[in-house]
Structures are given as structure tokens and as C-alpha cells.
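Coordinate analysis (summary)
Chain residues, written in single-letter form:
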Amino acid sequence: MPAPPVSNASPRVSPILEFHDVTVAYGRRPVLWNIDLAIDDACLFGIIGPNGAGKSTLLKAALGLVPLAGGSIRFFGQPFAEVRSQVGYVPQRETVDWDFPVSVSDVVLMGTYARLGWFRRPGPRERDLARESLKRVGLADVAGRQIGKLSGGQQQRVFLARALAQQADVYVLDEPMAGVDARSQELIFGVLSELRDAGRLVLVVHHDLRTAAQWFDRVALIDRRLVAAGPTATVLTSENLERTYVGRLDLLDELGRAVEERGRTS
Amino acid sequence: MNLSFFTDGGGMHAWAIATAAMVAAGCGLVGTLLVVRRMSLLGDAISHAMLPGIVIAVLAGGRPGGLLVLLGAVAAALLTVWLTQVLRTEGGLAEDAGAGVAFTTLFALGVVMVTAVASRIDLDPACVLHGVLELVPFDTVPVLGFEVPRAFLTAAVVFVGLSLAVIITWKMQVFTAFDAEAARAAGVPVAAVTTGLLVATALATVAGFEAVGAILVVAMLVVPAATAELLTRRLHRITILAILLGVAAAGIGYLVAWWCNTSAAGMIAVVLGCEYLLAVFFAPDDGLVSRVFTRGWFHWRVACEDRLAACWRREEMAAQGNPLVVANRPNLGERLADRWLAITGRLNHGPRGWTLTRRGREQADMVVRSHRLWETWLGRHADLPLDHLHPPAEWIEHHLGADVRRRIEAEVGTRASDPHGRSIPPEP
């Protein structure tokens, strides 16, 4: 078991993760508008919304992978660049080429690279960590295999194991349950619950409403703006869901396109 | 050919081979990272587009293989990459089309320049395109009292430098190549790592420029890595193998070219292509030969198992008192399988045709058991008419192992009979 998370300010006043008036644009076209969201405690937090709602974009903004058009995002009251090694990222499985010539344990070891820096090579400590992480996701026996030989669910678990090997305080997962078999889903959910119980914040982008209600402690409903956030039971009301999924704000899309066009002609 | 071939004329041939090998090693090293990142086209682009950079450097007083020329090549390479990006973001061109526009234009510019000023500078247009490996040993510089070809020296320095750079940045190169997003989130300077790889590509190719020319150097960059990728599945092994394949092709290609009295650089590239072809056929896992062999072996096993099972069923019917009167005349494959089964002691030829030996019966038991268990399982889980159960079972019976059979049996019960009411042979 990893040690409990270190809080940076001794009486912690700042939330674990805070989005303050965040607007994100691709090129000049805004895709997320004025998100205000603070997560104070360790929990399993779901980010829920329809396709194209900007869920993944919100995660990428938090990780500094897409620039902010406005607002700020802080982990433990600090910008992401200061706390990088404390934030473990599990990208969508389809973002990488699974024919890439590395073994399962090679991929898991990548989770330790940020701490190792440029010049140190993974040593016995890192290898133990990788083995331990693979055991937790039930893949100890395929450590030496080429990653392309795994099933989709196993590949997703490899990604989770890589984040575990990082021993982070916050875990950020982008659709970890998409295209994953039932057994892997259960295993992944089990590991995420363990992390939450060990005092980590686990932030998950998720699209399936049915499972969202039973998995997450808290959720945020997002459709290019924040619709509602809070304890799962109070947020997933039929009224909120209707506002997220049915009353799509086409105006926001049109406005986004207009901003883009204006930018191009000026 | 004897040893004096390598030592004659101050070791002229030996130096030429050593130079080609050094160039191939550097290209193999960098080329592996390009190929696994699906960036081989950019390698092609860089090796062509550096030509105007080299010509300008030579006009400014640089010597082929000198520092100024290396810098000129790197600058031209970065210009190509930058132009490709600009064409993509501003011109809306796809990346490959953008690279196509940028590097062909720059290369053409280089060709025009080198032809226009050829009389004034120490750069021969033909040599630029194809290289003249045979002339490399005549341009030497003294190193520690030895006369060493300038091209060899450049290639060696570049190879050692690149090796060090790759070893030091290996972790970051692999992380970036595999998962650039996660690498960026983890703080890896992805853009710098990628630019570093492109600079390395420029250095590796410019070092080989004099020896093998701007066109053939692409073969050294891409082909050994592509070959090695067929042969092994771990990046560090692919890298080492690519270097070795390149070096081997340099040696073999040079000797064959000398023997046929043709262009050494060209022959080296041909040998690289042959290595690739051999790998396509003989790669251990995915090679054509191994695939054909595996498939053929499987068909043969299926044929044998089918004959055993057919015999088993005939004997079952006979035991129940209704012997099969008309047996289909076996085709050639079936007759061959029967012969083989008899040779290996699984069938006996008796007065009433083939019968199973004890060994044959044990094996046939398992085939029939797989078949009937599958029919039973499928009958329970899919609402299918009886006649739909046989074809999938006929296929799956050759694939079920003992552990799967036990799992099915645990589910359907040990006393079960198949959907046609026939008993299922037990596991031994």
C-alpha cells in the first residue's frame, strides 16, 4: 500500500482540485464555457455528459495538454506544473498504437519515468513497483508479453497499472470503461475504489449513466458548460439529465463557430 | 578473393566498407525510432531537403563532412519540418502532402544550385545523388599519424555522438514515441525530444551523404528498421538488430558490387532490400513460411482428427446394432490421413475396413467429447434448431483444450448426453 497522500499546506485550505472560470478553445473555437468546480475531498468523482460535451477536454485542460482560453486550474492550490508527479493520467486506450514494440512491463515502468528524471534508469525499486502495480490489476502473468497481444480490457488495465506505478495522489482517467469487458470493468472499479479508500482523488470521465449512479460518490454533469455537480444522488435527477442530454445548447455551438469565423476573417 | 583485397592500396576497400558500415549503423539507430513513430516519410524528406543546406555551406567555404556542412544540413532539415508544419496549419495540407511539397521543392532547389555552381565548388552533382563510396578512401585526413578517410571520420564521430544521445534520452524517446500525451502530462518535453530526433536524422543522413548519396541514404534509414521490426518485438532489440543488418548489408553489398563491377552504394541498398525480403519469408512468428507451415500443419491435424472421429462414430453405430452400410469413398486427403494414422499406430486395417487402435480410440474420444460437449453447451445457451448445432461443433472440436472441456462439463453436468441423446465420452 502506498503511503497516504501528502498535503502540501499543513492546514489544508485549498481544494484538491479546483477549476475556476475555465474556458477552453480549440484554435479559436470555444468548446468549454466558464467551468467552476471545486473538489475538496478524496472521492470517486465522475464527469458525465453526452458525446462532444467536452469531458475529455476538461481533463486535458487540467493536465496542461490543451491551453486555457480563460480561468485557472489548481491542484492543492498550485498550478499543475508544480504537482505533475502527484497526478497520474490514464488516457483513452485508442490514443496509442498498441502494435508499438514494447512489453507490458515496459509500459508500466513509464509511470516511474517522471520521478526518475532524464538520467536515472529504472532500478530494482521501480521494477518492484511495476510488478506490484501489475498484480493489483490482475496482469502479473503477462508482464513480458508484447502489448498488442492483450485484449482491450487488459490493455486498459496496463494503462491503469502505469498510473499506479506513479504512486500519485490524484488519478485522472479518460473513459477507462469504454470497450472493456465486464471482468476488466469490475477489476478497474475495484482498484479505483481502493485508491479512494486510501485517500486519493479519482477523477473519471464516463459516459454510461446506468453505471455512473452506482460507481461514483460525486459527479459533475457537463455539456459544454457545467450543468450540476455534487453527490451522485442529488445530481443525477431527471431534471438535470434532461438539461444535459436533451436540452442541448445549440447556441453554444453556433457561438463557438461564429467566434472561429470572426477570428479568421479579421 | 584473399586478405590482400582488404589491405591493398592502403586498405582502400577496407576503408570504404568501414565507412559504409559506420553510415549504416548511424542510420539504423535513428531510423528505428523514426519507423516505430511512423515518421519514415519525414526521414525521407530530411535526407533530400538538406541538399540546398549543404550546397550553401560548401559555397560558404565548408568542406564535405566538415562542421559547417553538418550545420547547413541540420538547418535545412529543420526548415523542412517547419515548412511542413506551416503548410499543415496555415495551408490546410495533410502532413504527408505538406512534407511532399516542402522537401521536393527544397531538393529541387539543391539540384539546381549544385548544377549551376558545380564548376566552382568541390561537389559533384552525380555524387550528390548516388554517392561514390569507391572514392571515399582517397580524401584522407591524418589522425594520430594515420591517414583516415574524412568521410569515415565524420560518420564515426556522428555515430558515437548519436549513440550517446540515444542512450541518454532512451527513456524519454520511448515514452514520447509510444504515448506522447501521457509523456507530456508527465513533464517530458515532447517537442524537444521530437526535434532532437529530427536533428539526429539530419546528422545521420548528412554523414552518409558523400558515401552513398542523398537518395540511397533513405534506404539505410528505413529498410533495416523495417526488417528488424519483422524479426523481434522489443524496441531495444529492434534497434541493435537494425544497426547489425545495416552493417552486414554494407559489407556484403560492397563486395558484391566490386565483384560485379557496379555501384557499391546501389548494391548496398539492394542487399538491404533482400534482407527485408528474407525477413518477410522467414521471420519466426509472422513470416510467410512459418504462417504457411502453421496453417498446413493445422489442416493436417484436423484431417487426421476427422478420420479418427468418423471411425469412432462408425464403431459406435455398429455397437448399437445399426452398422453403417454405405461408407463414403474417402478422397485423397482422407486416404493419406488414414495411411499416416496407420503408420503412427492409431488405425488398423482389418477385414471390415479401418478400426481404431487403443491409442487411436483415446484420441478420438477427446475429439468426439469436444464435439458433443460443445453441441450441448450451445444447445443450452442459444435457441437453435438441432441441425444448427453440428457445423459449429465440427469446427470447434479441434480447438477445445482439456481445461475448457472441464469447464463446459462442470456447467452442463457430468451425466449429460448431447442434444441428439448420445453419450459424451469422459475425460481420461
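Digging into the confidence of the model for chain B
On average, residues of chain B score 87 in pLDDT, and 95% of them reach the 70 mark or higher. Taken element by element, the predicted model of chain B shows its lowest mean pLDDT in helix H5 (residues 125–130) of chain B (72) and its highest in helix H9 (residues 235–260) of chain B (95).

Remarks on the pairing of strand S7 (residues 201–206) of chain A
All names here are of chain A. Extensive coverage of S7 is indicated by the burial of six of its six residues. Here five bridges tie strand S3 (residues 44–48) to S7, and the two strands are oriented parallel to one another. Bridging across to S7, Ile 47 finds its partner in Val 205.

Brief notes about the interface of chain B and chain A
Between chain B and chain A, the residue contacts involve 24 residues of the former and 31 residues of the latter. Taking both partners together, chain B and chain A bury about 2500 Å²; carbon and sulfur atoms supply 64% of that area. Counting across the interface, chain B meets chain A through four salt bridges. For the salt bridge of Asp 97 of chain A with Arg 38 of chain B, the shortest nitrogen-to-oxygen distance reads 3.0 Å. Counting every contact that joins chain B to chain A gives eleven residue pairs in polar contact (both at pLDDT 80 or more). Only helix H6 (150–178), helix H7 (180–185) and H9 of chain B provide two or more residues apiece to the side of chain B that touches chain A. The leading source of residues in the side of chain B that touches chain A is H6 of chain B, at nine residues.

A word on the pattern of salt bridges
A side chain of one charge can pair with a side chain of the opposite charge when the charged atoms of the two come close. Applying the stated rule across the entire model yields 25 salt bridges over all chains. Two residues, Asp 128 of chain A and Arg 131 of chain A, come together in a salt bridge whose shortest N-O distance is 3.2 Å. With a gap of three residues between them, Asp 128 of chain A and Arg 131 of chain A both fall in helix H5 (residues 124–136), about one helical turn apart. Overall, Arg 131 of chain A belongs to the exposed group, its relative accessible area being 53%. Where Arg 301 of chain B meets Glu 305 of chain B, a salt bridge forms, and the shortest distance between an N and an O atom there is 2.9 Å. Within this pair, Arg 301 of chain B and its partner Glu 305 of chain B are both found in helix H11 (residues 288–319), separated by four residues, close to a single helical turn. One connected set of salt bridges, linked through shared partners, spans Glu 316, Arg 372, Asp 418 and Arg 422 of chain B.

Reading the values: rules and limits
Residues numbered from 1 in each chain as written. Chains lettered and ligands numbered in written order. Predicted model: local features only at pLDDT ≥ 70, side-chain atom pairs only at ≥ 80, totals over all residues. Heavy atoms only, no water. pLDDT = per-residue confidence, 0-100. Helix = DSSP H or I, 4+ residues; strand = E, 2+ residues; numbered from the N terminus. Buried < 20%, exposed > 50% of the residue type's maximum accessible area, 1.4 Å probe, protein only. Pairing = 2+ DSSP bridges. Contact = heavy atoms within 4.5 Å. Buried area = accessible area lost by both parts, 1.4 Å probe. Salt bridge = Lys/Arg side-chain N within 4 Å of Asp/Glu carboxyl O. Polar contact = N/O pair within 3.5 Å; in protein donor to acceptor, adjacent residues only side chain to side chain.

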